[in-house]
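Chain residues, written in single-letter form:
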Amino acid sequence: MYAINSQSNPLHSDVWPSANKFEAEIVMMTANMLGAAQGGGSPGSGQEIVGTVSSGGTESILLAMKTYRDWAHDKKGITAPEMICPNTAHAAFDKASQYFNIKMRRIPVGPDQLADVTATKAAINENTVVIVGSAPPFSHGLIDPIEELSELARSHGIGFHTDACLGGFILPWAEKLGYPVRAFDFRLPGVTSMSADTHKFGFAAKGTSVVLYRGPELRHYQYYTTLEWPGGLYFSLTLAGSRPGGLSAACWVAMVSIGEEGYLESARRILGTADYLKNEISKIPELKLIGDPIFVVAFTSDVLDIYAIGDYMSAHKWGLNSLQLPPALHLCTCLPHTQPGVKEG
Ligand SMILES: Cc1ncc(COP(=O)(O)O)c(C=O)c1O
């Protein structure tokens, strides 16, 4: 699919209508997986869940934050915008803050590593344009209290972004498999945008992600247009100009060939392996699991140097991520870990 579409460019959707169709279907499939049918409005209602394909989680987050900045400027006249993020929200939010001149208000998470709703409420002011929560964050893999945070945002007329870059293609299937998954998606009325990465657990080639919005009006603030350029009327949906239509085609074919059954089966294997790992780690008295994660298993130790354990594991070909504040390690359980004999090794 990539080779056939390698020259296609979604920037020129008139020349490459198939690229348009691939991307529209990627967005629709992702939106439906994330509660659009239950929580979004019907087409034309202004509340339907819409979106665009971007190049990755970071770009989806950058786009959403720029969208809130411009939306708040237009609708509320906010000229000194602020965003509120738990300190576990991805570094891409800091990048957005720098790139788009949005003041970052980082809120320390509680001892449970979850976003602190009370402190978030206290940080809201007349310049707040968006509140962020993660499902889950990269660090400890524990889903933030999205329901409470998004209601807080809704009651103040502020945007709310769920960063489901990592969990977007796992949590819906985990829920179907009966795992206790805290509400995080468009079924919550306060959630006004989401990011979900096709190039992570969507198993597409690297270079695609989806950013979704509640309603086309909000999405409109993401777009760039200029009417004065001698090259003609110019508009682009995302940060890039020309984009790799081949990647969108490859993403589309990954999604339709894996299908709901494939994603469900992958989630079953990943979550079963994560359960095994959690259980084995909890049997080691020197190690302490952090919370009760679903598939990103983080642990620390009060008595051992956790980074020395990480080095030892690396030497034995286990690539754990080193975390800080507090020092910890995590394993993001993926399909390769589910192969026979791997988790026991
Ligand atoms: C929760 C979360 N958000 C955002 C990102 C950024 O994604 P990307 O590296 O695709 O830009 C990641 C990456 O791991 C992530 O885990």
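You'll find the structure just up there.
Each value, and the rule that gives it
- Residues numbered from 1 in each chain as written.
- Predicted model: local features only at pLDDT ≥ 70, side-chain atom pairs only at ≥ 80, totals over all residues.
- Heavy atoms only, no water.
- Core = buried A, V, L, I, M, F, W, Y, C linked by side-chain atoms within 4.5 Å.
- Buried < 20%, exposed > 50% of the residue type's maximum accessible area, 1.4 Å probe, protein only.
- Helix = DSSP H or I, 4+ residues; strand = E, 2+ residues; numbered from the N terminus.
- Contact = heavy atoms within 4.5 Å.
- Pairing = 2+ DSSP bridges.
- Axes fitted to C-alpha atoms, helices over the stretch in contact; angles between N-to-C directions.
- Right-handed = clockwise from strand over helix to strand, strands pointing away.
- 1 Å grid on protein atoms, 1.4 Å probe; cavity = no way out; pocket = protein on both sides within 12 Å on 5 of 7 lines; lining within 4 Å.
- Points joined across faces, edges and corners; volume = space filled by probe spheres on them.
- Nonpolar A, V, L, I, M, F, W, Y, C, P; charged D, E, K, R; others polar.
- Arc of directions from axis to C-beta.
- Polar contact = N/O pair within 3.5 Å; in protein donor to acceptor, adjacent residues only side chain to side chain.

To continue, consider the nonpolar core. Membership of the largest hydrophobic core comes to 51 residues, with the highest contact counts inside it found for I143, L171, F184, F201, L212, I294 and F295. For this core, the secondary structure elements donating two or more residues are α2 (17–33), β1 (49–54), α7 (146–155), β5 (159–164), α8 (171–176), β6 (193–196), β7 (209–214) and α10 (245–282). In terms of residue count, α10 provides more of this core than any other element does, seven residues in total. F201 has contacts with L166, F169, I170, Y263, I270, F295, C332, T333 and C334, leaving out every residue within four places of it along the chain. In this structure, M65, V129, L218 and Y221 belong to the second largest nonpolar core, which totals 27 residues.

Here the focus is the sheet that holds strand β11 (residues 296–300). Across the sheet, four strands lie side by side as β10-β11-β13-β12; this open sheet has antiparallel pairing. At either margin of the open sheet sits one strand with a lone partner, and together these are β10 (288–289) and β12 (321–323). Bridge count between β10 and β11: two bridges; the pairing is antiparallel. Within β11, the position partnered with L289 by the bridge is F299. Packing against the sheet, α10 makes contact with β10, β11 and β13 (328–332), and its axis sits at approximately 10 degrees to β11. Against the sheet, helix α11 (residues 306–315) makes contact with β11, β12 and β13, and its axis sits at roughly 40 degrees relative to β13, the strand it touches most.

This part is about the pairing of strand β2 (residues 82–86). Among the five residues that make up β2, five are buried, leaving the element largely enclosed by the rest of the structure. Bridge analysis of β2 against strand β3 (residues 103–107) gives five bridges, and the strand direction is parallel. Each bridged residue has a counterpart across the sheet, and for M83 the counterpart in β3 is M104. Tracing the backbone out of β2, into helix α5 (residues 92–100) and back to the parallel element β3 gives a crossover that is right-handed. One ladder, built from three bridges, connects β2 with strand β4 (residues 128–134); its direction is parallel. Bridge pairing in β4 links E82 to T128.

If you add up the space inside the largest pocket, you get close to 570 Å³. In terms of lining residues, the largest pocket is bounded by 30 residues, among which A24, V27, V50, G51 and R219 are the most central. Of all elements in the fold, only α2, α3 (36–39), β1 and β9 (234–236) reach the threshold of two or more residues within the lining of the largest pocket. The biggest single contributor to the lining of the largest pocket is α2, with seven residues. Looking at the lining of the largest pocket residue by residue, the classes come out as 16 nonpolar, 10 polar and four charged.

Of all the positions in α11, only I306, I309 and G310 are classed as buried. Viewed end-on, α11 has its buried residues packed into an arc of 105 degrees, placing them on one side of the element. Every exposed residue of α11 that faces more than 90 degrees away from the buried side is listed here: D311, Y312 and A315. On its buried face, α11 sits against β11 and β13. Its side-chain oxygen 2.9 Å from the backbone nitrogen of Y307, D305 forms the N-cap of α11.

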